[in-house]
Amino acid sequence: MSDGKLEVLRAGALTTVQDEGRFGHAALGVPRSGALDQPSHRLANRLVGNPADAATLETTLTGVAVRATRPVTVAVTGAPAPVRGDGRPAAWGTPVHLPAGAVLDVGTATFGLRCYVALSGGVAVSPVLGSRSTDLLSGLGPAPLKDGDILPLGEPDGAGPPPHHLALWDGPPRELVLPVLLGPRDDWFTAAAVRTLAAGRFSVSPNSNRIALRMNGPALERAVDDELPSEGMVLGAVQVPPDGKPVLFLADSPTTGGYPVIGVVPESHLSAAAQAPPGLPVRFVPLRNGAPRQGHRQG
């Protein structure tokens, strides 16, 4: 294990340690957790020569500033943001070599929401149930970072950055488009509710977090008003609480819930949800058997 340390000079609005997640413990009530934008997390690790499961820092909107006690290679991916290394402008989405004691400062995201900061060797906090991830719901893993925290750094594996690197970004999203595979409880909603889900004007609520992307917009009308016993929840579930506003479950979401799930967003589309800032328009595309769905089947 490396004796390198990472000092947090500015923790930002919310910065957590994240990796690929905590798998296989849903029966114990433990969420998956892990980086919300997994492609950006994996890309950051690849750019500095880390394995995909090395822990990175996930920032929220306002970035982070850190200083390592040994030379490190760093990369910042996810939401584009201004980056400074050792006091000089540094490239976003590109490996940057910093000497011992140099400050890496990641500023406020210019669009999107979350940046991923990888350092050669990874953030080597002790794993809990097989993961180094911070879980905001259960409290497992390291606490969200605060100014003055000291984190251990792992030993680089010697692979080094790839010879070619390019972090692609499609540009600021004008809306978040989310396909929704209807079920298992879409029969608890009226046909009008499915039409509202497809055609309603939704936007990301400021009350969103790593647990769930909450929506502002029209309510979905229930056809069944009975109480629903708690049942298993999956990543990407679109749950509808009593106010009728859809809630998209993300990595730190609970493993069970007692409100009906009208559908599930495939995991491949959740990285876009991780980068959706408050106020961003959201459009749901209800699907059944792979085809867009406007109506409703009777249950």
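As the structure is a prediction and not an experimental result, all values here were calculated from the model.

A. Structural view of the confidence of the model for the chain. On average, residues of the chain carry a pLDDT of 92, and 93% of them reach 70 or more. Below a pLDDT of 50 lies the segment residues 294-299, which in the model reaches 15 contacts outside its immediate sequence neighbourhood of four places, other chains included.

B. The arrangement of the nonpolar core in detail. Ranked by internal contacts, the top residues of the largest apolar core, which has 38 residues, are Leu176, Leu213, Leu220, Leu248, Ile262, Val282 and Phe284. Broken down by secondary-structure element, the contributors of at least two residues to this core are α1 (38-48), β10 (115-119), β12 (176-182), α2 (191-199), β13 (202-204), β14 (212-216), α3 (270-274) and β20 (281-288). In contact with isoleucine 262, not counting residues within four places along its chain, are Leu181, Leu182, Gly183, Arg185, Asp186, Phe189, Leu197, Leu220, Val238 and Val240. Ranked by size, the runner-up nonpolar core spans 29 residues in total, among them Ala11, Val64, Val74 and Val106.

C. Structural detail: the pattern of salt bridges. In this structure the tally under the stated criterion is 11 salt bridges. Here glutamate 267 and arginine 32 are joined by a salt bridge, their closest N and O atoms 2.8 Å apart. Of the two residues, glutamate 267 sits in the loop between β19 (261-264) and α3 while arginine 32 sits in the loop between β2 (16-18) and α1, which places them 235 residues apart along the sequence. Judged by relative accessible area, glutamate 267 falls into the partly exposed class, the value being 46%. A residue is classified by how much of its surface remains accessible, and arginine 32, at 27% relative accessible area, is partly exposed. Its salt-bridge partner being aspartate 149, residue lysine 146 comes within 3.0 Å of it at the nearest N-O pair. Exposure remark for aspartate 149: the relative accessible area of 15% places this residue in the buried category.

D. Focus on the environment of proline 142. As for its placement among the helices and strands, proline 142 is situated in the loop between β10 and β11 (150-152). For the pair formed by proline 142 and glutamine 18, sequence separation is 124 residues and the distance between their alpha carbons is 9.4 Å.

E. Focus on the side chain of threonine 77. Position of threonine 77 among the secondary structure elements: in strand β5 (residues 72-78). A distance of 2.7 Å separates the side chain of threonine 77 from the backbone oxygen of serine 40, its partner in a polar contact. For threonine 77, the contacting residues outside a window of four places in its chain are Ser40, Leu43, Ala44, Leu47, Trp92, Gly93, Arg114, Cys115 and Tyr116.

F. Quick peek at α1. The element α1 is largely enclosed, with a buried count of eight among its 11 residues. Buried within α1 are the following residues: Gln38, Ser40, His41, Leu43, Ala44, Asn45, Leu47 and Val48. The inward-facing, buried residues of α1 contact β2, β3 (56-58), β5 and β10. Looking at the residues trailing α1, positive phi occurs at glycine 49, about 85°.

G. Looking closely at the sheet that holds β5. If you walk across this open sheet you meet the five strands as β2-β3-β10-β5-β8, and the pairing is antiparallel. Because the sheet does not close on itself, it has two edges, and the strands there are β2 and β8 (96-98). Each neighbouring strand pair of the sheet contributes to a mean axis angle of 30°, computed without reference to strand direction. Relative to β8, β5 runs antiparallel, the two sharing three bridges. From the neighbouring strand, valine 74 faces β8, where its bridge partner is valine 96.

About the thresholds
The written sequence of each chain sets the order in which its residues are numbered from 1. A pLDDT threshold of at least 70 governs which residues receive local features in this predicted model, and a stricter bar of 80 or more applies before side-chain atom pairs are shown or counted, although totals over entire chains, interfaces and linings include all residues. Based on all heavy atoms of the structure, the side-chain values leave hydrogens and waters out of the count. Looking at any residue, its pLDDT shows the predictor's confidence there, from 0 to 100. Only heavy atoms matter for contacts: two residues are in contact if any of them lie within 4.5 Å across the pair. For the purposes of this section, nonpolar cores are sets of buried Ala, Val, Leu, Ile, Met, Phe, Trp, Tyr and Cys residues that join through side-chain atoms within 4.5 Å. Exposure is judged per residue with a 1.4 Å probe applied to protein chains only, and the accessible area is read against the type maximum: over 50% gives exposed, under 20% gives buried, and values in between give partly exposed. The way it works is that DSSP assigns letters per residue, a run of H or I at least four long becomes a helix, a run of E at least two long becomes a strand, and they are numbered from the N terminus. Salt bridges are counted wherever a side-chain nitrogen of Lys or Arg sits within 4 Å of a carboxyl oxygen of Asp or Glu. Polar contacts, as used here, are pairs of N or O atoms within 3.5 Å; protein pairs need one atom able to donate a hydrogen and one able to accept it. Residues neighboring in sequence count only if both atoms are side-chain atoms. DSSP-based pairing: two strands are paired if at least 2 bridges between them are found. Axis geometry follows a simple rule: fit a line to the C-alpha atoms, using only the stretch in contact for helices, then measure angles between N-to-C directions, giving values from 0 to 180 degrees.

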